[in-house]
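# Examining the three-dimensional arrangement
In case you want the letters, here they are:
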Amino acid sequence: MGFATPRRKDAQEAQNKAGQLGGSDPCQVFIGGIGERDNEDAIGDFFSQWGLVALVYRDKGAWGFVHYATREGALRLLGEGSVIFQRRRLEIKASDSKRMDAAERNDLIRRAVAR
């Protein structure tokens, strides 16, 4: 008895998901619509339901970035399109900012696991 080969549709879906992530940092996701009173801990706790959050960067404006420890967490969140956080709809997009080097990424993951 042979192994089942992946269906063409499954392979196409995996390729589409990989294309959703930005070419720069595949684990970083842009978040738009964050409120002034939302702190980074609350944002990190909320977004941890999609994967291990390594870092949350929040600007003074209404946007920020969530760095996940793995690509899978970022892909799960990007699959949502938009999410509701404290009765507000947040916009979710692939990030286009610079790529993080391996040493910096490992340090962030170590700190996230310790948290």
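Described below are features of the structure shown in this document. Quick caveat: nothing in here was measured; it's all calculated off a predicted structure.

### Here's the deal with the sheet that holds strand β3 (residues 63-68)
Across the sheet, five strands lie side by side as β2-β3-β1-β5-β4; this open sheet has antiparallel pairing. Both outer strands of the open sheet, β2 (53-58) and β4 (82-85), are each paired with one neighbouring strand and no more. On average, each strand axis in the sheet is tilted by 25° relative to the strand beside it, whichever way the strands run. Pairing of β2 with β3 involves five bridges; the strand directions are antiparallel. Directly across from Leu55, in β3, lies its bridge partner His67. In this fold helix α2 (residues 40-47) packs onto β1 (28-32), β2, β3, β4 and β5 (88-94), with an angle of close to 135° to the strand it touches most, β2.

### Digging into the nonpolar core
Counting residues in each nonpolar core, the largest one holds 18 residues, and the members touching the most others are Val29, Ile31, Phe47, Tyr68, Leu77, Val83 and Ile92. Of all the secondary-structure elements, those providing two or more residues to this core are β1, α2, β2, β3, α3 (71-80), β4 and β5. Once you skip the residues sitting within four places of it in the chain, Val29 turns out to touch Gly64, Phe65, Val66, Tyr68, Ala74, Leu77, Leu78, Ile92, Lys93 and Ser95.

### A closer look at the pattern of salt bridges
This model, assessed by the stated rule, comprises two salt bridges. Salt-bridge contacts for Arg88 lead to Asp38; the nearest nitrogen and oxygen are separated by 2.2 Å. With a gap of 50 residues between them, Arg88 in strand β5 and Asp38 in the loop between β1 and α2 connect regions that are remote in the sequence. Residue Arg88 is classed as partly exposed on the basis of its relative accessible area of 27%.

About the criteria used
Residues numbered from 1 in each chain as written. Predicted model: local features only at pLDDT ≥ 70, side-chain atom pairs only at ≥ 80, totals over all residues. Heavy atoms only, no water. Pairing = 2+ DSSP bridges. Helix = DSSP H or I, 4+ residues; strand = E, 2+ residues; numbered from the N terminus. Axes fitted to C-alpha atoms, helices over the stretch in contact; angles between N-to-C directions. Contact = heavy atoms within 4.5 Å. Core = buried A, V, L, I, M, F, W, Y, C linked by side-chain atoms within 4.5 Å. Buried < 20%, exposed > 50% of the residue type's maximum accessible area, 1.4 Å probe, protein only. Salt bridge = Lys/Arg side-chain N within 4 Å of Asp/Glu carboxyl O.

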